[in-house]
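Residue strings, one per chain:
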Amino acid sequence: MSDVSDMTAGFFDSRWVQCPEYVTVDDRGLPSGFRAGTAAAGIRGDGAVDLGLLVCDADEVVSAARYTSSGVLAAPVIVSRDETIPNGLRVVVANSGNANAATGAEGLEAARAMQRAAAQAVRVEPAAVAVASTGVIGVPLPLAGLEEGIGAAAGVLRASGDEAFSAAIMTTDAFEKRAALQVELPSGSVRLCAQAKGAGMIEPAFATMLCFVQTDAALEPDTAELLLSVCVKRSFDRISVDGQLSTNDTVILICSGRSGVRILPESDDELRFGEALDALLRMLALLIVRDGEGARRVGRVVVRGGGAEVVERCARAVANSPLVKTALHGADPNWGRIAQAVGAALPGAAPLALDIAIEGIAVCAGGVAVPHDEAALRAAATGVEIEYEVGLPGAGFETEVFFSDLSHQYVTINAEYTT
């Protein structure tokens, strides 16, 4: 069994996410027009680097953003969503170690203080600065070293700062989640980069995660909004670690246009760029699931048939079932747990003509167990990636959810999170 560092040795290393043939993975830092810097601002309390600053220096910037749908919104989400220029974000200031959530008026002022300090440090309007935080909920954000830390981060901004920025936003993450891509479009070459964090409190819509995406392509505001929305729905909206919705989820796309390649709506450039963004975000989402605070394996459940709401409900029920997740962890192909989860999601549907397959091996058809090679099934269940297929009566609808197993380590990490 490979450890998590082995699993992330190559970026596109999952059978479930294909790298487009015109995309090359590189590690040459941020796209043209972007710089990042980090600092220790005393937020974590252990002297670790806990603050990141991402800046776009281009004259014309286009951005798009998506935020959590939680009824308990963290202060930075409120400030970023309600007090910025949605399609004109130039700067992101992000901290780890403190979520600045459930902190009331004091938390809002702290988020605005971060915004103002970052704006002053890089000489932009506060409304061009998005704020993001991740960490413990319900604890006031310490402001003592914040302004000094933002100034220090601004002093070390560099085009190669993406790796340090990625590390600064990690909390319980076991490994970094970032990538830099070269994308060959019909109109020219552009670069596409992203840094993400997330390992626990993961359930769409969408997961407890931060993700910041940069490109030197020039996009229209409507195009940036459309592509980010579609790609988020196919990536971060498709994952679950523990079925828990966060207060701080944030995804931001910023386009500098410095490549000189303009992506026009409904063009081949837009199609290719969208496919590259989709692959990038889906792989980052899958890495979050792989991290999963002690996760050993990743499952993918595909549900077909029924209706749109029915397949979604069943997929979530399987992905979030503690019984299914513990079986996944132990490489136990106990398909009865899948049947139970689907049945619980569809009360009153009996008799349900349910089909189930694990790694392509049919184990149930029409609601009845079918003969199968048990040795082959047990061998297939020992892999790092396990696929479950569920068929429901009806046709025309299909959905998927990626999910982690449930391990002893997950319990330990979350039982000791604040102690």
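Residues numbered from 1 in each chain as written. Predicted model: local features only at pLDDT ≥ 70, side-chain atom pairs only at ≥ 80, totals over all residues. Heavy atoms only, no water.

### Re the sheet that holds strand β15 (residues 355-358)
Item 1. Spatially, the 7 strands line up as an open sheet ordered β11-β19-β14-β18-β15-β16-β17, and their pairing is mixed. Each edge of the open sheet is held by one strand with a lone partner, namely β11 (239-240) and β17 (368-369).
Item 2. Sheet topology places β15 next to strand β18 (residues 385-391); 4 bridges connect them, and they run antiparallel. From the neighbouring strand, Ile356 faces β18, where its bridge partner is Val390.
Item 3. In this fold helix α8 (residues 308-319) packs onto β11, β14 (298-304) and β19 (398-404), with an angle of close to 15° to the strand it touches most, β19.
Item 4. Strands β11, β14, β18 and β19 of the sheet are contacted by helix α9 (residues 322-329), whose axis makes an angle of about 60° with β19. (Pairing = 2+ DSSP bridges. Helix = DSSP H or I, 4+ residues; strand = E, 2+ residues; numbered from the N terminus. Contact = heavy atoms within 4.5 Å. Axes fitted to C-alpha atoms, helices over the stretch in contact; angles between N-to-C directions.)

### Brief notes about the environment of Gly292
Item 1. Assignment of secondary structure puts Gly292 in the loop between α7 (268-291) and β14.
Item 2. Overall, Gly292 belongs to the buried group, its relative accessible area being 2%.
Item 3. Sequence-wise, Gly292 and Glu374 are 82 residues apart; in three dimensions their C-alpha atoms are separated by 29 Å. (Buried < 20%, exposed > 50% of the residue type's maximum accessible area, 1.4 Å probe, protein only.)

### Side note on unusual backbone geometry
Item 1. Here the bond from Ala350 into Pro351 is cis, since omega is -5°, no more than 30 degrees from zero.
Item 2. Its identity is not glycine, yet Ala102 carries a phi of approximately 60°, on the positive side.
Item 3. Among the structural elements, Ala102 can be located in the loop between β5 (91-98) and α3 (104-122).
Item 4. Residue class for Ala102 comes out exposed when judged on its relative accessible area of 54%.
Item 5. Residue Glu359 is not a glycine yet carries a positive backbone phi of 50°.
Item 6. As for its position among the elements, Glu359 is in the loop between β15 and β16 (361-365).

### Considerations on the nonpolar core
Item 1. Among the nonpolar cores identified, the biggest contains 49 residues, and Cys211, Phe236, Leu280, Leu281 and Leu284 are the most heavily contacted of them.
Item 2. Contributing elements (two or more residues each) for this core: β4 (62-67), β7 (177-185), β8 (188-197), β9 (210-215), α6 (221-233), β12 (250-255) and α7.
Item 3. Per-element accounting of this core gives the leading share, 13 residues, to α7.
Item 4. Grouped together as the second largest cluster of nonpolar side chains are 27 residues, Val303, Cys314, Ile358 and Tyr388 included. (Core = buried A, V, L, I, M, F, W, Y, C linked by side-chain atoms within 4.5 Å.)

### Some words on the state of the cysteines
Item 1. By the definition in use, this model includes 0 disulfides.
Item 2. Cysteine Cys193 remains unbridged, with the sulfur of Cys211 as its closest cysteine sulfur at 11 Å.
Item 3. Note on Cys193: relative accessible area 0%, which makes it buried.
Item 4. Left without a disulfide partner, Cys255 is nearest to the cysteine sulfur of Cys56, which lies 8.6 Å away. (Disulfide = S-S within 2.5 Å.)

### Topic: the packing of aromatic side chains
Item 1. Enumeration over the complete set of coordinates arrives at 4 aromatic pairs.
Item 2. Taking the centre distance of 4.8 Å and the plane angle of 75° together, the rings of Phe11 and Phe12 count as edge-to-face. Each member of the pair, Phe11 as well as Phe12, carries the same accessibility label: buried.
Item 3. With a centroid separation of 6.0 Å and an interplanar angle of 25°, the aromatic rings of Tyr388 and Phe403 are classed as stacked. Taken together, the positions of Tyr388 in strand β18 and Phe403 in strand β19 put the pair 15 residues apart, joining distant regions of the chain. (Phe/Tyr/Trp six-rings, centres within 6.5 Å; stacked < 30°, edge-to-face > 60°.)

### Section: the packing of α6 against α7
Item 1. At a minimum axis distance of 9 Å, the contact between α6 and α7 shows a crossing angle of 40°. For the element pair α6 / α7, the angle class is oblique. Crossing handedness for the pair α6 and α7: right-handed. Between α6 and α7, the residues in contact are Thr223, Leu226, Leu227, Leu228, Cys231 and Val232 and Glu270, Phe273, Gly274, Leu277, Asp278 and Leu281, respectively. (Parallel < 35°, antiparallel > 145°, perpendicular 65-115°, else oblique. Left-handed = near helix turned anticlockwise from the far one by under 90°.)

### Examining the pattern of salt bridges
It is possible for side chains bearing opposite charge to pair when their charged atoms get close.
Item 1. Applying the stated criterion across every chain yields a total of 28 salt bridges.
Item 2. Here Glu220 and Arg262 are joined by a salt bridge, their closest N and O atoms 3.5 Å apart. Residue Glu220 is found in the loop between β10 (218-219) and α6, and its partner Arg262 is found in strand β13 (residues 262-263); the two are separated by 42 residues along the sequence.
Item 3. The partly exposed category is assigned to Arg262, whose relative accessible area is 43%.
Item 4. Residue Arg316 is joined to Glu312 by a salt bridge in which the shortest nitrogen-to-oxygen separation is 2.9 Å. In this pair, Arg316 and Glu312 are both assigned in helix α8, 4 residues apart and thus about one turn of the helix distant.
Item 5. Looking at Glu312, the relative accessible area reads 23%, which means it is partly exposed.
Item 6. The structure contains a network of salt bridges with shared partners spanning Asp13, Arg15, Arg290, Glu359 and Glu385. (Salt bridge = Lys/Arg side-chain N within 4 Å of Asp/Glu carboxyl O.)

### Points about helix α10 (residues 336-345)
Residue pairs spaced three or four apart in an α-helix point in one direction, given the helix's 3.6 residues per turn.
Item 1. All buried positions along α10 are accounted for by Ile338, Ala341, Val342 and Ala345. Projected down its long axis, α10 carries its buried residues within an arc of 95°, all on one side.
Item 2. Where α10 is buried, its residues contact α8, α9, β15 and β18. (Arc of directions from axis to C-beta.)

### Concerning the sheet that holds β4
Item 1. Read across the open sheet, the 6 strands follow the order β1-β7-β8-β9-β12-β4; overall the sheet is mixed. Strands at the two margins of the open sheet, each flanked by one partner only, are β1 (23-26) and β4. Shown here is a sheet whose adjacent strand axes are inclined to one another by a mean of 15°, direction ignored.
Item 2. Sheet topology places β1 next to β7; 4 bridges connect them, and they run antiparallel. Considered in β7, the bridge of Thr24 is made with Gln182.
Item 3. Of the strands in this sheet, β4 and β12 are in contact with α6, which crosses β4 at around 30°.

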